Amino acid sequence: QSFEVVCNRSKSATLDFHINHKSEILNLKFRMSIRFIKWDNWSRKSHCSHVAHRRLWESEIVAIHDHDFPECFIVEGGEGYQIVNGRRQDLLKNDLVLIRPGDVHEIRAKHSAELAFTNLAFNPDSLRFIADRYFNADYRFWNGDQDVPRRVRLSDTKAGVLLNHLRHLAVRPESMLALEAFLIG
């Protein structure tokens, strides 16, 4: 049993399943909508960030979507994976994943497992500000040059420090200084 997911930027995805059943290959194709989220419609004007803690139970998903703002998340426990731009990335404890504006993605807990993670979404203007201020307007520090976003496995200590920063951001979503400290720290 194998499958391939092909995503495009037209805000819909073509799912192409090739299932081998008793030496017979069944080809199934269908289209599905991708939810597009705009920062200006999703957050308060005074906020530069939004922090959310999620826990997915076995086979539960965060539905396929993309958005015009960057986000990152830290896996706190469990096992899962994400499909991002048509490619699968396994997710394990202490993984830090950077999601770029326009990345089409969904997150899933593995079967008979749970997945806990904390997500930080932030205003796209904040990313531009930090790139200009610290990286000479070079967005590769966040974007990379790859089809899939960066994923880094952190030590328990570093993951703990970043999760503590996220707890502070959760109660101060309007603080650009707190967001800046997290992103460059």
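Residues numbered from 1 in each chain as written. Predicted model: local features only at pLDDT ≥ 70, side-chain atom pairs only at ≥ 80, totals over all residues. Heavy atoms only, no water.

With reference to specific residues and values, describe the pattern of salt bridges.
Under the criterion given, the structure shown has nine salt bridges. The residue Asp90 makes a salt bridge to Arg88 at a minimum N-O spacing of 3.1 Å. Its relative accessible area of 36% is what places Asp90 among the partly exposed residues. The shortest N-O distance in the salt bridge between Arg100 and Asp103 comes to 3.0 Å. You'll find Arg100 and Asp103 in the same group, each marked buried. (Salt bridge = Lys/Arg side-chain N within 4 Å of Asp/Glu carboxyl O. Buried < 20%, exposed > 50% of the residue type's maximum accessible area, 1.4 Å probe, protein only.)

Describe the packing of aromatic side chains, naming the residues involved and giving the relevant values.
The geometry of two aromatic rings is summed up by the distance between their centres and the angle between their planes. Using the criterion set out here, one finds two aromatic pairs in the structure. Here Trp39 and Phe69 contribute two aromatic rings whose centre-to-centre distance is 5.2 Å and whose plane-to-plane angle is 70 degrees, an arrangement assigned as edge-to-face. With Trp39 in helix α1 (residues 39-42) and Phe69 in the loop between β6 (61-67) and β7 (71-78), the pair connects residues that are 30 residues apart, well separated along the chain. For the pair Trp39 and Phe69, a shared accessibility class is recorded, and that class is buried. Ring geometry for Phe73 against Phe117: centres 5.4 Å apart, planes inclined by 55 degrees, an arrangement best described as tilted. Placement of the pair is Phe73 in strand β7 and Phe117 in strand β12 (residues 115-122), with a sequence separation of 44 residues. For the pair Phe73 and Phe117, a shared accessibility class is recorded, and that class is buried. (Phe/Tyr/Trp six-rings, centres within 6.5 Å; stacked < 30°, edge-to-face > 60°. Helix = DSSP H or I, 4+ residues; strand = E, 2+ residues; numbered from the N terminus.)

Would you mind going over the side chain of Gln89 in detail, with residue names and values included?
Within the fold, Gln89 resides in strand β9 (residues 87-91). Within polar-contact distance, the side chain of Gln89 engages the side chain of Gln82 at 2.6 Å. Look past the residues within four positions of Gln89 in its chain and what remains in contact with it is Tyr81, Gln82, Val84, Val97, Val148, Pro149 and Arg151. (Polar contact = N/O pair within 3.5 Å; in protein donor to acceptor, adjacent residues only side chain to side chain. Contact = heavy atoms within 4.5 Å.)

Please set out the environment of Gly78 residue by residue, giving values where relevant.
Inspection of the secondary structure puts Gly78 in strand β7. Take Gly78: its relative accessible area is 35%, and that puts it in the partly exposed class. Placed 37 residues apart in sequence, Gly78 and Leu115 show a C-alpha to C-alpha distance of 4.4 Å. Sequence-distant contacts of Gly78, defined by excluding residues within four places in its chain, comprise Leu91, Leu92, Lys93, Glu114 and Leu115.

Talk me through unusual backbone geometry; I want residue IDs and the actual numbers.
Excluding glycine, most residues fall at negative phi; most peptide bonds, likewise, are trans. Although it is not a glycine, Asn85 sits at a positive phi angle of roughly 50 degrees. Given the relative accessible area of 23%, Asn85 is considered partly exposed. A positive phi angle, near 75 degrees, is found at Asn94, a position not held by glycine. Inspection of the secondary structure assignment puts Asn94 in the loop between β9 and β10 (95-99). Owing to a relative accessible area of 8%, Asn94 belongs among the buried residues under this scheme.

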